[in-house]
Amino acid sequence: MKKADIGLTLKEFETIANQTEAIILDVRNESEFVKEHIPSSIFIGLHGQFAPWVGALIRDTKQPILLVTPNGMEVETITRLSRVGFDNTLGYLKGGLDAWKIAGFETDSIASIAPEVFASKYKNTTIVDARKPSEYKAEHVENAINIPLDYVNEQLAEVPKEEKFFLHCAGGYRSVIMASILKARGYHNMINVEKGIAGIRNTNVPLTAFVCPSTLK
């Protein structure tokens, strides 16, 4: 059995997390992650563009990884990581987050609101758009600032450190990835907007005039 395929008990998982530089990677759905997750874990959901985002954000293929997966998805997660060169998975938490909670261990969460609630609260508050620059240029919430998920590590200084801010992407996947990275770096003041710009379009929040992306350089 490869080390990657090892199901770890809570004690083993905690010991490895404390004694190594391993990233705790949570691959569940973003709707589950925002409600509760292991503190300082990073979210990259299996159902989205999993492999590209792992490569873009973790980068170092030798990075030790501990996994939190949906039940029955352990082997698929390890396989998909291995396909893009990430072979240093140290194991997965047996029983997933449920085992963590049953043991009484602390969990964290991300404040997350519906687009309709955002529409009633966004004024006079910083809005961070985590989409690619081309998406932002095509259409965005008026006065929102663009800090693409791809460059969150490079542009960390641009993220509001003290004040509350709203965070969104196109549909809700990338903003939760970004929120998890920010929380792991000590930012706890963001509020995720569910459904992203797709949901915001159905509210009265003013957007810039749409420009066809094919016309943008």
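For the structure itself, consult the block above.
Cut-offs applied
Residues numbered from 1 in each chain as written. Predicted model: local features only at pLDDT ≥ 70, side-chain atom pairs only at ≥ 80, totals over all residues. Heavy atoms only, no water. Helix = DSSP H or I, 4+ residues; strand = E, 2+ residues; numbered from the N terminus. Rg over C-alpha atoms; globule rule 2.2 N^0.38 Å. Buried < 20%, exposed > 50% of the residue type's maximum accessible area, 1.4 Å probe, protein only. Contact = heavy atoms within 4.5 Å. Areas by Shrake-Rupley, 256 points an atom, 1.4 Å probe, with all protein chains shown as cover. Lys, Arg positive; Asp, Glu negative; His and termini not counted. Charge placed at Lys NZ, Arg CZ, Asp CG, Glu CD. Expected span 1.5 Å × (residues − 1).

Asks: Just checking my understanding: could you explain the overall build of the protein chain for this structure?
Replies: Scanning the protein chain from terminus to terminus reveals nine helices and 10 strands. Taking 217 residues into account, the globule formula puts the C-alpha radius of gyration at 17 Å, and the protein chain, at 18 Å, falls close to it. Once the C-alpha set of the protein chain is aligned to its principal axes, its extents read approximately 55 × 40 × 30 Å. A total of 217 residues make up the protein chain; the buried ones form 48% of that total. In the protein chain, 74% of the contacts between residues at least 6 apart in sequence involve partners at least 24 apart. For the protein chain, the computed accessible surface area is about 10,600 Å², with 50% contributed by carbon and sulfur atoms. Positive and negative side-chain charges of the protein chain, numbering 24 and 26 respectively, have mean locations separated by a distance of 3 Å.

Asks: Is there a simple way to explain helix α8 (residues 173-184) in this structure?
Replies: Because each turn of an α-helix spans 3.6 residues, side chains separated by three or four positions end up pointing in the same direction. The terminal C-alpha atoms of α8, which comprises 12 residues, lie 17 Å apart, in line with the 16 Å expected from a rise of 1.5 Å per residue. Within α8, 11 of the 12 residues are buried, which leaves the element mostly enclosed by the surrounding structure. Every buried residue of α8 is accounted for by Y173, R174, S175, V176, I177, M178, A179, S180, I181, L182 and K183. Looking one or two residues past α8, G186 carries a phi angle of roughly 95 degrees, positive in sign.

Asks: Mind showing me how you'd approach the environment of P70 here?
Replies: Topologically, P70 is positioned in the loop between β4 (65-68) and α4 (74-83). With 71 residues separating them in the primary sequence, P70 and V141 have C-alpha atoms 34 Å apart. Non-local contacts of P70, meaning those with residues more than four positions away in its chain, are made with V27 and R28.

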